[in-house]
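Below, each chain spelled out in residue letters.
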Amino acid sequence: MSDRMDRIVSLCKRKGFVFQSSEIYGGAASVWDYGPLGVELRRNVADAWWSAMVHARDDVEGMDAGILMHPRVWEASGHVGGFADPLVECKTCKRRWRADHLDDSACPRKPSLTPGAHKECEIGEPRLFNLMFKTFMGPVEENAAVVYLRPETAQGSYVNFLNVQQTSRQRVPFGIAQLGKAFRNEITPGNFIFRTREFEQAEMQYFVEPGADDEWFEYWRDRRLAWHTEMGVRPEKLRLAEHGPDELAHYAKAALDIEYEFPFGWQELEGVHNRTDFDLSRHQEFSGKRLMYIDPGSSKRFVPYVVETAMGVGRAVLVLLVDAYREEEVAGENRVVLALHPRLAPVKAAVFPLVKKHGMPETAAKLHEALRRARIPSFYDQAGSIGRRYRRQDETGTPWCLTVDGQTSEDGCVTVRDRDTLAQERVGLDHVAAWIRERLE
Ligand code: ATP
């Protein structure tokens, strides 16, 4: 990993964003736990997505399907037969990699080389490895009871397509959004929370009339790209990469990745796919149930095409952390700052009494309480110099620090210091909550 990435990973651990899973047992490979600040950031990202995709629109409904589904779902979707990556093994060290990830991997014998480059190494022929986790449903461990942990949320939306359409009285075009865990037994996980075996997905399936799919594909490509910049990601760090005909998944007519320039290179952040009527047609065929849409106005009947948007929430968190991380010099001192969009910042305001006397702690504690009552996540800190307290908040991305000082008892105001511009402004104690709310909206 690059130096910059190392520093971000270390900040995440030191400040309680992300811990390695089961660390006291030596860690579980490629699983990460979100700490007190990380869970807030992740929830804020998920909430911002839900709010843009579901609450802000009339044409997208939310739902939440189970992680375990009927095993036939995964036969119909093609995952049992085809959700596999090519796996290669080195005959000397017995380590395994995804065949298309060799260029980004290191030889265990000589880490400066890629696997197979060392003269004593020998990489075998690729074979296909299915990425779905299998488990057993019920108390018997026999083949008949095999079920899978879902590798994507999409199938839960497809099998519920008519349930959602009919209960919400939606007319095509409309979408179904889901947020939830997915599991993939990745051959080469890595790059911190970039590729993990358990991850949260934010996926939306948009059902359209065949023929309208190309236009909606372009619409969702543009909308999703814009959303990332609305979350504060620098536009020059984002690009679109269209899949060539030989890269398309079995179900797709067109697909593109929204890529971000990570310290380890340009990589996929979100996918937009034209999945045609593949999934709904297959579920019709395998279940024997009709998944036909009948338009109430025109009485037209058809199996809709689907345009999907699929993002990993953890991957979006990583993008936001990487994009927001800055090392700067301020007034001759170095500081680390996470310039997160205030809406996403885990804590919105930190309240400080300038000194621990003259009634300042009491006034500051009251303000902290008032912010909490206004549902603004706030943090009270009276330990150490003001400079140190500012720096602790900068590192975790808190946009505003509010200091109660000697003047507060006279003018009823606090000093509000802005994380990014360092500008200071006096705001009335009674107005602070509204002042923050205004800036969050
Ligand atoms: P790849 O080819 O890189 O394995 P993919 O193209 O199959 O991934 P999709 O199925 O399109 O990925 O997944 C949609 C989104 O889910 C991705 O853009 C990514 O943000 C996220 N995602 C996929 N796999 C993982 C993973 N193992 N860990 C974290 N996030 C993931």
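Just so it is clear, the model here is predicted, and its values are computed rather than measured.

Rules behind the numbers
Residues numbered from 1 in each chain as written. Predicted model: local features only at pLDDT ≥ 70, side-chain atom pairs only at ≥ 80, totals over all residues. Heavy atoms only, no water. Helix = DSSP H or I, 4+ residues; strand = E, 2+ residues; numbered from the N terminus. Contact = heavy atoms within 4.5 Å. Areas by Shrake-Rupley, 256 points an atom, 1.4 Å probe, with all protein chains shown as cover. Lys, Arg positive; Asp, Glu negative; His and termini not counted. Charge placed at Lys NZ, Arg CZ, Asp CG, Glu CD. Axes fitted to C-alpha atoms, helices over the stretch in contact; angles between N-to-C directions. Left-handed = near helix turned anticlockwise from the far one by under 90°. Nonpolar A, V, L, I, M, F, W, Y, C, P; charged D, E, K, R; others polar. Domains from an automatic or database assignment. Buried area = accessible area lost by both parts, 1.4 Å probe. Salt bridge = Lys/Arg side-chain N within 4 Å of Asp/Glu carboxyl O. Polar contact = N/O pair within 3.5 Å; in protein donor to acceptor, adjacent residues only side chain to side chain. Buried < 20%, exposed > 50% of the residue type's maximum accessible area, 1.4 Å probe, protein only. Pairing = 2+ DSSP bridges. Phe/Tyr/Trp six-rings, centres within 6.5 Å; stacked < 30°, edge-to-face > 60°.

A. Summary view of the overall build of the chain. Scanning the chain from N- to C-terminus turns up 13 helices and 23 strands. For the chain, the spread of C-alpha atoms along the principal axes amounts to about 75 × 70 × 50 Å. Here the analysis covers contacts within the chain between residues at least 6 apart in sequence; of these, 64% occur between residues at least 24 apart. In the structure as shown, the chain presents an accessible area of about 21300 Å², 48% of it carried by carbon and sulfur atoms. Of the side chains in the chain, 59 bear a positive and 66 a negative charge, and the two mean positions are spaced by 4 Å.

B. Seen up close, the packing of helix H2 (residues 36–55) against helix H7 (residues 213–230). Contact geometry for H2 and H7: axes closest at 12 Å, N-to-C directions at 140 degrees. Between H2 and H7 the crossing geometry is right-handed. In this structure, H2 contributes Val45, Ala48, Trp49, Ala52 and Met53 to the contact, and H7 contributes Trp220, Arg224 and Trp227. Of the residues contributing to the contact of H2 with H7, the split by class is seven nonpolar, no polar and one charged.

C. Highlighting the domain arrangement of the chain. Under the domain assignment, the chain is made up of domain 1 (3–74 + 137–321), domain 2 (84–130) and domain 3 (347–440). Between domain 1 and domain 3, roughly 420 Å² of surface is buried when both sides are summed, and carbon and sulfur atoms account for 55% of that area. Of all residues in domain 1, Leu11, Lys15 and Leu37 bury the most surface against domain 3, accounting for 65% of the area lost on that side. Counting across the domain 1 and domain 3 interface gives two salt bridges. In this structure, lysine 15 engages glutamate 395 in a salt bridge whose closest nitrogen and oxygen atoms are separated by 3.2 Å. Counting the contacts that link domain 1 with domain 3 gives two residue pairs in polar contact (both at pLDDT 80 or more). If you list the elements that add at least two residues to the side of domain 1 that touches domain 3, you get helix H1 (3–15) and H2. In terms of residue count, H1 provides more of the side of domain 1 that touches domain 3 than any other element does, three residues in total. Residues that form the side of domain 1 that touches domain 3 fall into these classes: three nonpolar, one polar and two charged.

D. Focus on the pattern of salt bridges. Throughout the structure, instances matching the rule amount to 38 salt bridges. Two residues, aspartate 85 and arginine 98, come together in a salt bridge whose shortest N-O distance is 3.1 Å. With aspartate 85 in strand S4 (residues 84–89) and arginine 98 in strand S5 (residues 96–98), the pair connects residues that are 13 residues apart, well separated along the chain. In this structure, aspartate 85 and arginine 98 share a single accessibility class: buried. Between arginine 419 and aspartate 420 there is a salt bridge, with its nearest N and O atoms 2.7 Å apart. Since its relative accessible area comes to 2%, arginine 419 is described here as buried. Taking the relative accessible area as the measure of exposure, aspartate 420 reaches 43% and is therefore partly exposed.

E. Summary view of the sheet that holds strand S12 (residues 254–262). On the basis of which strands lie adjacent, the open sheet formed by seven strands has the order S3-S9-S10-S16-S13-S12-S11 and mixed pairing. The open sheet has two free edges, formed respectively by strand S3 (60–62) and strand S11 (238–242), since each of these has just one partner strand. The average undirected angle you get between the axes of adjacent strands in this sheet is 25 degrees. Two elements, strand S9 (residues 174–183) and strand S10 (residues 198–208), share ten bridges in a ladder whose sense is antiparallel. Each bridged residue has a counterpart across the sheet, and for alanine 177 the counterpart in S10 is methionine 204.

F. Spatial organisation of the packing of aromatic side chains. As enumerated under the stated definition, the model contains 17 aromatic pairs in all. Here phenylalanine 194 and phenylalanine 264 contribute two aromatic rings whose centre-to-centre distance is 5.4 Å and whose plane-to-plane angle is 75 degrees, an arrangement assigned as edge-to-face. A residue pair is termed long-range when its members are at least 10 positions apart, and phenylalanine 194 in the loop between S9 and S10 and phenylalanine 264 in the loop between S12 and strand S13 (265–276) qualify at 70 residues. Since its relative accessible area comes to 6%, phenylalanine 194 is described here as buried. Residue classification places phenylalanine 264 among the partly exposed residues on the basis of a relative accessible area of 23%. On the numbers, 5.1 Å between centres and 75 degrees between planes, the contact of tryptophan 216 with tyrosine 219 is edge-to-face. Placement of the pair is tryptophan 216 and tyrosine 219 together in helix H7, with a separation of three residues, close to one helical turn.

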